[in-house]
Amino acid sequence: PPDADYPADLDTLLVALPSTLTQPQLERLTNYVKAGKPVLLLVDPLPAFNLELSPHETPPGPFQQGPPPAPKANVRPLLDALGVTWPIDRIVWDNYNPHPQLKNLPPEVVFIARGNQAAEAFGTKDEISSGLQEVVLLYPGALRSKGTAGLQFVPLLQTGQASGALKWDQLVERSLFGTALRQGLPHHPEKEGYVVAARVKGPVNAVIVADVDMMGEQFFELRRRGIENLNFDNVTFLLNAVDQLAGDPSFLALRKRRPRHRTLEAVEARTRAFEEQRLQETQVAQVTADQRLKEAQARLDAAIREVEQRPDLDAQTKQIMISNVQQVENRRLTVARANIEDEKQRQIEISRANLEDSVRVVQNTIKLLAVALPPIPAFLLFVVMSIRRLRRERIGVAPERLLTANS
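All of these numbers come straight from a predicted model, not from anything done at the bench.

Asks: So what's going on with the sheet that holds strand β13 (residues 205-209)? Which residues, and what values?
Replies: Ordered in space as β1-β2-β13-β12-β8, the five strands form an open sheet in which the pairing is mixed. Only two strands of the sheet have a single partner each, and these edge strands are β1 (13-16) and β8 (152-158). Averaged over all pairs of adjacent strands, the angle between their axes in this sheet comes to 15°, without regard to strand direction. Both β1 and strand β2 (residues 38-42) contribute to a ladder of four bridges, which runs parallel. The residue of β2 that forms the bridge with Val15 is Leu41. Sitting on the sheet, helix α5 (residues 234-246) is in contact with β2, β8, β12 (195-201) and β13, with an inclination near 150° to β2.

Listed below in structure tokens is the structure:
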């Protein structure tokens with residue numbers, strides 16, 4: 001219970017969503033962390049099990065009645081004790097997805113995988129994550145070190161360079177009918193990786209993960225069923241974190257021993273190049289559209305200024321003419337905006353189609369090579385063995401007994 005004193009013989013304390021505690025409860029937890037006790041801390045900007053929860057609200061209890069819930073506790077003192085900053089309204093995404101059967105998932109479902117050549121996915125300085133192959137996070141947050149003296153910030157899980165972050169208000173849409181996630185938002189990579197899990201050493205002893213959903217029941221079920229190509233290391237990561245914090249690393253190396261999941265790295269590298277080209281073309285289309293809209297707005301402003309500066313008109317006439325000009329120019333601006341948006345979307349669709357065609361050409365080429373190349377070594381071996389056998393048959397035979405073309 002968060003109001004009770006923590007037992008002195010705890011091996012590891014696991015805390016999920018500390019921001020849902022009351023302020024006195026959070027102060028008790030902060031003092032426990034400052035004492036150097038081992039803590040596994042899971043924070044989350046958007047828990048998948050409660051989309052109604054914003055970063056500034058307390059999750060309501062079941063069948064809650066009466067006054068609204070109290071504001072969230074201030075988690076900054078806890079994060080300061082850990083030497084970590086966590087923007088509570090930032091949600092990380094990553095375009096990397098090594099599973100074609102899951103290609104319809106949004107980028108906010110983040111795959112941390114060793115096959116991502118553009119990422120330092122798993123930290124090599126700590127046994128918790130070194131040697132893992134793939135971890136999945138759902139709408140995670142971002143962690144950064146504050147550079148506090150005496151504290152060592154060791155990244156455990158990190159996204160690739162084809163990643164970025166969206167604001168909570170950008171992603172979540174509220175209406176009279178409930179809360180939903182917006183679809184089709186632009187995702188422009190920021191050319192930097194985001195740390196989503198880290199180990200903090202020094203006066204404190206903690207592991208902090210910016211996603212509570214990574215320990216969801218579905219990952220334990222996938223581990224139990226052993227579905228092919230969905231052998232995620234979420235459970236392994238959590239067990240390793242608990243054991244390492246508890247000072248019992250005996251099973252860490254054993255858990256990592258499993259067949260390596262290899263992806264088509266050549267296909268992914270070429271696909272990544274095409275994807276970067278598509279993003280550049282999309283950005284150019286967006287910049288062009290914005291420029292054309294600015295030019296249309298500038299024409300409207302110029303027409304209004306021209307009327308205002310005419311000395312031969314009284315104030316009432318100017319107002320009427322300005323109103324007429326605004327109506328005409330606004331209609332033109334609306335039409336221009338629609339045309340510009342259509343042109344932008346057309347360019348984006350063309351770019352996307354070119355990307356898909358390029359990827360399909362690469363895939364078909366590799367499929368063709370996969371069929372054509374394997375028989376070649378066998379055929380060459382057949383030719384070599386046939387020549388050797390023919391030469392051996394001629395050894396020791398009198399020349400006059402050999403058949404010639406004239407005999």
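Asks: Explain the nonpolar core to me, and be specific about the residues and the numbers.
Replies: Buried together is how nonpolar side chains tend to be arranged in soluble globular proteins. One finds Leu29, Leu41, Leu82 and Ile208 to be the most contacted residues of the largest nonpolar core, which totals 27 residues. Sorting the residues of this core by element identifies β1, α1 (23-34), β2, α2 (76-82), β12 and β13 as the ones contributing at least two each. Sorting elements by how many residues they give to this core places α1 first, with four residues. Apart from residues no more than four positions distant in its own chain, Ile208 is found in contact with Leu41, Leu79, Leu82, Val84, Leu143, Val196, Ala197 and Ala198. Counting residues in each nonpolar core, the second largest holds 23 residues, with Ile112, Ile128, Leu137 and Val196 among its members.

Asks: Describe the environment of Val207, naming the residues involved and giving the relevant values.
Replies: Within the secondary structure layout, Val207 lies in strand β13. Contacts of Val207, omitting those with residues within four sequence positions, involve Val39, Leu40, Leu41, Ile128, Leu156, Ala198, Arg199, Ala241 and Leu245.

Asks: Go over a nonpolar patch on the surface, please, and point to the residues and values.
Replies: Taken together, Leu369, Leu373, Ile376, Phe379, Leu380, Phe382, Val383 and Ile387 make up a surface patch of nonpolar side chains, about 760 Å² in accessible area. Here the element with the most residues in the nonpolar patch is helix α9 (residues 375-394); it accounts for six residues. As for its placement among the helices and strands, Leu380 is situated in helix α9.

Asks: Outline the environment of Leu102, listing residues and values.
Replies: With respect to the element layout, Leu102 can be found in the loop between β4 (90-94) and β5 (109-113). Leu102 has contacts with Asn97, Phe111 and Leu230, leaving out every residue within four places of it along the chain.

Asks: Outline the confidence of the model for the chain, supporting the account with residue identities and numerical values.
Replies: Mean pLDDT for the chain: 80, with 83% of residues reaching 70 or above. Every residue in residues 58-71 is under pLDDT 50, and counting partners more than four places away or in other chains gives 11 contacts.

Asks: Go over the packing of helix α4 (residues 217-225) against α5, please, and point to the residues and values.
Replies: Running from amino to carboxyl end, α4 crosses α5 at an angle of 110°, the nearest separation of the two axes being 8 Å. Of the possible angle classes, the one that applies to α4 and α5 is roughly perpendicular. Note on element contacts: α5 touches α4 through Asn234, Val235, Thr236 and Leu239, opposite Phe219, Phe220 and Arg223. In terms of residue class, the contact of α4 with α5 is made up of four nonpolar, two polar and one charged.

Conventions used here
Residues numbered from 1 in each chain as written. Predicted model: local features only at pLDDT ≥ 70, side-chain atom pairs only at ≥ 80, totals over all residues. Heavy atoms only, no water. Pairing = 2+ DSSP bridges. Helix = DSSP H or I, 4+ residues; strand = E, 2+ residues; numbered from the N terminus. Axes fitted to C-alpha atoms, helices over the stretch in contact; angles between N-to-C directions. Contact = heavy atoms within 4.5 Å. Core = buried A, V, L, I, M, F, W, Y, C linked by side-chain atoms within 4.5 Å. Buried < 20%, exposed > 50% of the residue type's maximum accessible area, 1.4 Å probe, protein only. Patch = residues over 30% accessible without salt bridge, like charges linked within 9 Å, V, L, I, M, F, W, Y side chains within 5 Å. Areas by Shrake-Rupley, 256 points an atom, 1.4 Å probe, with all protein chains shown as cover. Salt bridge = Lys/Arg side-chain N within 4 Å of Asp/Glu carboxyl O. pLDDT = per-residue confidence, 0-100. Parallel < 35°, antiparallel > 145°, perpendicular 65-115°, else oblique. Nonpolar A, V, L, I, M, F, W, Y, C, P; charged D, E, K, R; others polar.

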